[in-house]
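Descriptive analysis of the structure
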Amino acid sequence: MKVIWNDEIVERSEVKIDMEDRGYQFADGIYDVVRAYNGKFFTLNEHVDRLFSSAEKIELRLPFTKEKLKEMLSELIKINNIDTGNVYMQVTRGIGIPRNHPYPDPEEVSPVFTATTTIVARDQEKMDRGMSALIVPDLRWLRCDIKSISLLGNIMAKHEAHKKGADEAILHREGIVTECSSSNVWMIKNDTIYTHPDGNLVLPGITKLVLLRVAQNAGLSVKEEAFTLEDLKKSDEVFASSTTMEAMPITSIDGNPVGTGQRGPVVKKLQQLYVDAVENECGK
Ligand code: PLP
């Protein structure tokens, strides 16, 4: 399997990352995940824009243009024969010696870029069946809008969920539901669809963006409005959204069924609208 290492496509075994890379020492870096279907990227522009936006927010100067990055990523999925799968890309600020907290002068440090691919088919069976979730306090920082590689808060929450036999963690700050550990979260009540608005408490999900657009186009009632744990408990349907999961029903929370305990009609409709958007861009 080939990977991108800075501006080259190389064998994975050729990549060497310095032990004093600031990504390794401080988690001083950002990442993104984009998905391809039928050998074509879906919403590549949006993912590349978000990577650049995350970089700008931490004053990290990316060593390539958006166009060059898109070219390299397209080349990578071609070489690796990715039909349907994910590309993980990350950029760290590079090597800083001696280890010191302030950002080094950008003239004196070269960011390190890597990208890898995995072949992953859509998990239709799970999308029909849904998954379980556990409610966990959101212990993360206050810049969740940056897609930072510093994910301890997220992985601790997901681990907590897994220890209790749940698939995903639904996070809340003092009773206000923010998002999940690796996805955005939505609730449906009386045919209105709710999700937390963008801002510093959630990641501006690309899947969320697509779902908002297709839902509005289909005439569904959608509100980017925060909701509480109490609202969540009384909701008709709940689902999570991410690039890798698309719209994934959450059919039980803390061991209690959500609504009927089965995938509901609104999330089923959204799944179809999302698939239509994918097929429109990437073909069937
Ligand atoms: N929220 C968090 C914390 C995430 O890690 C992710 C995806 O990795 C998302 C939301 C969903 O973002 P996207 O739809 O762009 O994949």
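Here is a short report on the structure shown in this document. For clarity, every value in this text was computed on a predicted model and none was experimentally measured.

1. Here we look at the overall build of the protein chain
Helix and strand counts for the protein chain stand at 8 helices and 15 strands. Computed over the C-alpha atoms, the radius of gyration of the protein chain is 19 Å, within 12% of the 19 Å expected from 2.2 N^0.38 for a compact globule of 284 residues. The principal-axis extents of the C-alpha atoms in the protein chain amount to approximately 55 × 45 × 30 Å. A total of 284 residues make up the protein chain; the buried ones form 51% of that total. On the protein chain, roughly 14,000 Å² of surface is accessible, and the fraction owed to carbon and sulfur atoms is 50%. Averaging the locations of the 35 positively and 43 negatively charged side chains of the protein chain gives two centres separated by 3 Å.

2. Some thoughts on unusual backbone geometry
Cis geometry marks the peptide bond from Ile 97 to Pro 98, where omega comes out at -5°. Within the element layout of this structure, Pro 98 appears in the loop between β5 (85-92) and β6 (112-119). One non-glycine residue, Asn 38, lies in the positive phi region at around 50°.

3. Describing the layout of surface pockets
Space inside the largest pocket adds up to approximately 640 Å³. What lines the largest pocket is a set of 32 residues, and nearest its centre among them are Tyr 31, Lys 147, Ser 181, Ser 182 and Leu 203. Contributing elements (two or more residues each) for the lining of the largest pocket: β3 (29-37), β5, α5 (152-163), β9 (176-180), α6 (206-217) and β13 (237-242). Residue assignment places the lining of the largest pocket across two domains, with domain 1 (2-119) and domain 2 (124-282) each supplying three or more. Here the second largest pocket is characterised by a volume of approximately 270 Å³. Around the second largest pocket, the lining comprises 14 residues; the ones closest to its centre are Val 15, Ile 17, Gln 90, Thr 114 and Thr 116. Counting only elements with at least two residues in the lining of the second largest pocket, the list comes to β1 (2-5), α1 (22-26), β5 and β6. Of the residues in the lining of the second largest pocket, the class split is 7 nonpolar, 5 polar and 2 charged.

4. Section: the environment of Ile 149
Here Ile 149 is to be found in the loop between β7 (131-137) and α5. Remark: the alpha-carbon pair of Ile 149 and Ala 169, spanning 20 residues in sequence, is separated by 18 Å.

5. Some words on the site of the ligand
Near the ligand lie 18 residues; those nearest to it are Arg 50, Glu 179, Ile 206, Thr 207 and Thr 243. Between the ligand and the protein, one listed contact pairs an oxygen atom with a side-chain N or O atom of Arg 50 at 2.8 Å. Separating a nitrogen atom of the ligand from a side-chain N or O atom of Glu 179 is a distance of 2.6 Å. About the coverage of the ligand: the protein hides 92% of its 390 Å² of free accessible area. When each cavity is represented as a set of grid points, the ligand is found to reside in the largest pocket. Within the residue set of the shell around the ligand, elements represented by two or more residues are β9, α6 and β13. Across the shell around the ligand, the residue classes break down as 4 nonpolar, 10 polar and 4 charged.

Cut-offs and rules
Every residue gets a number counted from 1 within its own chain, in the order that chain's sequence is written. Per-residue local features are limited, in this predicted model, to residues with pLDDT of at least 70; the limit for side-chain atom pairs, both in listing and counting, is 80 or more; totals at the level of whole chains, interfaces and linings are taken over all residues. Think of the side-chain values as coming from all heavy atoms in the structure, minus any hydrogens and water. Helix and strand assignments follow DSSP, with helices taken as H or I runs no shorter than four residues and strands as E runs no shorter than two, numbered in order from the N terminus. We compute the radius of gyration from the C-alpha atoms alone; for a globule the expected value is 2.2 Å times N to the 0.38, where N is the number of residues. Per-residue accessibility, obtained with a 1.4 Å probe over protein chains only, is compared with the maximum for each type, and a residue is labelled buried under 20%, exposed over 50%, and partly exposed between these values. Surface exposure here means Shrake-Rupley accessible area, sampled with a 1.4 Å probe, where a residue is shielded only by the protein chains that are shown. We treat Lys and Arg as the positive residues and Asp and Glu as the negative residues; His and chain ends play no part in the count. The atom standing in for a charge is NZ when the residue is Lys, CZ when it is Arg, CG when it is Asp and CD when it is Glu. Think of a 1 Å grid over just the protein atoms. A cavity is a set of points where a 1.4 Å probe fits yet cannot get out, a pocket is an open set with protein on both sides within 12 Å along at least five of seven lines, and lining residues have an atom within 4 Å of a point. Grid points are joined across faces, edges and corners, and a volume is the space filled by probe spheres set on the points. Start and end positions for the domains come from either an automated domain assignment or a database one. Residues are sorted three ways: Asp, Glu, Lys and Arg are charged, Ala, Val, Leu, Ile, Met, Phe, Trp, Tyr, Cys and Pro are nonpolar, and all the rest, Gly among them, are polar. Nearness here has a simple test: a residue counts as near a molecule or strand if at least one of its heavy atoms is within 4 Å of that partner. For this analysis, a polar contact is any N or O atom pair within 3.5 Å, provided that within protein one partner can donate a hydrogen and the other can accept it, and provided that sequence-adjacent residues contribute only side-chain to side-chain pairs. A pocket or cavity is taken to hold a molecule when more than half of that molecule's atoms are within 2 Å of the pocket's grid points.

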